[in-house]
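# Observations on the model geometry
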Amino acid sequence: GHGSLGLPRGTRTVPAAAARCHHTAPESLSCAWQLHGDHLELRYANTLMRFDFVWLRDHCRSASCYNAKTNQRSLDTASVDLGIKPKAVRVDETTLFLTWPDGHVTRYGLEWLVKNSYEGQKQRVMHPRILWNAEIYRQAQVPSVDCRSFLETDEGLKEFLQNFLLYGIAFVENVTPTKEDTQILAERISLIRETIYGRMWYFTSDFSRGDTAYTKLALDRHTDTTYFQEPCGIQVFHCLKHEGTGGRTLLVDGFYAAEQVLRQAPDQFELLSKVPLKHEYVENVGDCHNHMIGVGPVLNVYPWNNELYLIRYNNYDRAVINTVPYDVVHRWYTAHRTLTAELRRPENELWVKLKPGKALFIDNWRVLHGREAFTGYRQLCGCYLTRDDVLNTARLLGLQA
Ligand SMILES: C[N+](C)(C)CCCC[C@H](N)C(=O)O
Ligand SMILES: O=C(O)CCC(=O)C(=O)O
Ligand SMILES: [Fe+2]
């Protein structure tokens, strides 16, 4: 052995024989382990990891516990004794071997353990992103992908998806300006998410639906369908026609703004990520009758690494707040104001004029959109996409999503 791991010796550590440190050479990638009363401690590749015994038994990848063809567990986890403890431990250069009380042996690749340990996951992000303001986005000179390359080559599709994952927005150019051609684009990367607005939608300022989107008014930055229990993951916009003035589209990276809140006021960030509230859509126009309610905090983060994955921000559609006591609600308004101030900084605003032929994909869990008031006839088509299926396509092309 190379000496002690410097562990606090509590009453729960196992007897001396098992508590001795064990090392494997070479030093650089050496593995040290120590068996405690209720967990195994492992140090490998500069990571100190702690594994619960039931977790270790549950993750046995032997043929009897795991079906490698379907990647499904066959072990009945409920049959594992919650007090289980390995009776023998061995480590070589690449693998940890545990022998269980009934003689069953489990092997774990050390790299696999690092990747799948809590400590390993805590240090990495689920979704690599580049947070942006207008300057950062312009400097990056993210190219639009050509429609043919998007539709006909894996490289084109992959480039598009990589940009989309990193920035939360991506453009396809040279698209035939019709609803049908826009649908073909959408279906290249995902399934269309059908909602109360239909599958593929057209919209103009005809107030055919009970929502300001269907007017010529300006719309402040927001995310859509905050009033769904699962807001739509992706929004596709394709402007088919505009004869008039104004109508530019505003895009703001919500995660960039939230990150600034985290820096300035971590307690406010935390409040926005903990306080659940409702968004609501009540419609009674013509034959359209809908009542939708979605519940959740403004900021949604993975608890183990505090990584943002969803922002719900729509001041138009935010419902009556009746889920928060008065003193918390005041602090919530303060936090909401801080976030709003960040979202409204002019340097965070990316303004684009959507034109026929250029389709825009927006990550509706991250990037807010808005529009300038306009005059004249303007027609947009588009759809929402199911997020799981966009990410599925990205992963199949080898991207981390
Ligand atoms: C995109 N499309 C015009 C179909 C619907 C617009 C929905 C607008 C709604 N206020 C929201 O933000 O969810
Ligand atoms: O008209 C626009 O450009 C966007 C309107 C809007 O926010 C929406 O349809 O979700
Ligand atoms: Fe919208």
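Residues numbered from 1 in each chain as written. Chains lettered and ligands numbered in written order. Predicted model: local features only at pLDDT ≥ 70, side-chain atom pairs only at ≥ 80, totals over all residues. Heavy atoms only, no water.

## Examining the domain arrangement of the chain
What the domain assignment reports for the chain is domain 1 (16–122) and domain 2 (134–396). The distance between the C-alpha centroids of domain 1 and domain 2 comes to 43 Å. (Domains from an automatic or database assignment.)

## Overview of the coordination of the iron ion (ligand 3)
Protein-derived coordination of the iron ion (ligand 3) comes from His222 (NE2), Asp224 (OD) and His369 (NE2), at a distance range of 2.1 Å. All donor residues of the iron ion (ligand 3) come from one chain, and their arrangement in sequence is H-x1-D-x144-H. Here Asp224, found in the loop between strand 14 (219–222) and strand 15 (234–243), pairs with His369, found in strand 23 (residues 367–371); they are 145 residues apart in sequence, far enough to count as distant. The pair Asp224 / His369 is uniform in exposure class, with both members buried. (Donors = N, O, S within 2.8 Å, 3.2 Å for Na, K, Ca; no water. Helix = DSSP H or I, 4+ residues; strand = E, 2+ residues; numbered from the N terminus. Buried < 20%, exposed > 50% of the residue type's maximum accessible area, 1.4 Å probe, protein only.)

## Focus: the packing of helix 9 (residues 254–264) against helix 10 (residues 266–274)
Put simply, helix 9 and helix 10 touch, their axes get as near as 5 Å, and they point 130° apart. In terms of orientation, helix 9 and helix 10 fall into the oblique class. Contact residues: Ala258, Val261, Leu262, Arg263 and Gln264 in helix 9; Pro266, Gln268 and Phe269 in helix 10. Among the residues forming the contact of helix 9 with helix 10, the class breakdown is five nonpolar, two polar and one charged. (Axes fitted to C-alpha atoms, helices over the stretch in contact; angles between N-to-C directions. Parallel < 35°, antiparallel > 145°, perpendicular 65-115°, else oblique. Contact = heavy atoms within 4.5 Å. Nonpolar A, V, L, I, M, F, W, Y, C, P; charged D, E, K, R; others polar.)

## Describing the packing of aromatic side chains
Ring pairs (aromatic) are described by centroid distance and by the angle formed between their planes. What the rule picks out here adds up to 21 aromatic pairs. Between Phe150 and Phe160, the ring centres sit 4.9 Å apart and the planes meet at 85°, which makes this aromatic pair edge-to-face. Linking Phe150 in helix 6 (residues 147–152) with Phe160 in helix 7 (residues 154–167), this pair joins segments that are ten residues apart in sequence. On the basis of an interplanar angle of 90° and a centroid distance of 5.2 Å, the ring pair of Tyr227 and Phe228 is categorised as edge-to-face. For the residue pair Tyr227 and Phe228, the accessibility class agrees, reading buried in each case. Grouping aromatic residues by their ring pairs yields a cluster made of Tyr197, Trp201, Phe203, Tyr214, Tyr227, Phe228, Phe237, Tyr281 and Tyr384. Over the ring of Phe97 we find Arg90; its NZ or CZ atom is 4.1 Å from the centre of that ring. Across from the ring centre of Phe374, 4.9 Å away, lies the NZ or CZ of Arg378, which sits over that ring. (Phe/Tyr/Trp six-rings, centres within 6.5 Å; stacked < 30°, edge-to-face > 60°. Lys NZ or Arg CZ within 6 Å of the ring centre and 35° of its normal.)

## Overview of the UniProt feature "domain: Gamma-butyrobetaine hydroxylase-like N-terminal" (unreviewed entry) in the chain
Here, the residues flagged by UniProt with the feature "domain: Gamma-butyrobetaine hydroxylase-like N-terminal" (unreviewed entry) are residues 37–113. Helix makes up 13% of residues 37–113 and strand 39%, whereas the separation of the span's terminal C-alpha atoms amounts to 20 Å. (UniProt positions renumbered as here; feature names shortened; annotations may be inferred.)

## Concerning the sheet that holds strand 21 (residues 350–352)
Reading across the sheet, the four strands line up as 14-23-16-21 and stay open at both edges, with antiparallel pairing between neighbours. Looking at strand neighbours, the two that pair on one side only are strand 14 and strand 21, the edges of this open sheet. Strand-to-strand, the axes of this sheet are offset by a mean angle of 20°, without reference to chain direction. Two elements, strand 16 (residues 249–253) and strand 21, share three bridges in a ladder whose sense is antiparallel. Its bridge partner being in strand 21, Leu250 is matched across the sheet by Trp351. Those strands touched by helix 9 are strand 16 and strand 23, and its axis lies near 45° from that of strand 16. (Pairing = 2+ DSSP bridges.)

## Details of the site of ligand 2
Taken together, Phe203, Ala213, Leu219, His222, Asp224, Gln235, Phe237, His369, Arg371, Arg378 and Leu380 make up all the residues around ligand 2. The side chain of Asp224 places a nitrogen or oxygen atom 2.8 Å from an oxygen atom of ligand 2. Counting residues per element, the ones that place at least two in the shell around ligand 2 are strand 14, strand 15, strand 23 and strand 24 (377–385). Residue classes in the shell around ligand 2 are distributed as five nonpolar, three polar and three charged. (Near = heavy atom within 4 Å. Polar contact = N/O pair within 3.5 Å; in protein donor to acceptor, adjacent residues only side chain to side chain.)

## Notes on helix 12 (residues 387–396)
By the burial criterion, the buried members of helix 12 are Arg387, Val390, Leu391, Thr393 and Ala394. Looking straight down helix 12, one finds its buried side chains confined to an arc of 155°; they lie on one side. Facing away from the buried side of helix 12 by over 90 degrees, the exposed positions are Asp388 and Leu396. Looking at the packing, one finds that the buried side of helix 12 touches helix 7, helix 8 (179–189), strand 15, strand 22 (359–363) and strand 24. Within two residues after helix 12, Gly398 carries a phi angle of roughly 95°, on the positive side. (Arc of directions from axis to C-beta.)

## Comments concerning the sheet that holds strand 9 (residues 105–109)
Read across the open sheet, the three strands follow the order 7-8-9; overall the sheet is antiparallel. Every other strand in the sheet has two partners, leaving strand 7 (88–91) and strand 9 as the edge strands with one partner each. Here the average twist between neighbouring strands, direction ignored, is 15°. Pairing of strand 7 with strand 8 (residues 95–99), which is carried by four bridges, proceeds in the antiparallel orientation. Bridge pairing links Ala88 to Thr99 in strand 8.

## Considerations on the site of ligand 1
Near ligand 1 you find 15 residues, and of these Asp211, Thr225, Tyr227, Asn314 and Asp317 are the closest. At a separation of 2.6 Å, a nitrogen atom of ligand 1 approaches a polar side-chain atom of Asp211. Separating an oxygen atom of ligand 1 from a side-chain N or O atom of Asn314 is a distance of 3.1 Å. When ligand 1 is considered free in solution it has 380 Å² of accessible area, and contact with the protein chains removes 96% of it. Among the residues making up the shell around ligand 1, the classes are represented as seven nonpolar, five polar and three charged. (Areas by Shrake-Rupley, 256 points an atom, 1.4 Å probe, with all protein chains shown as cover.)

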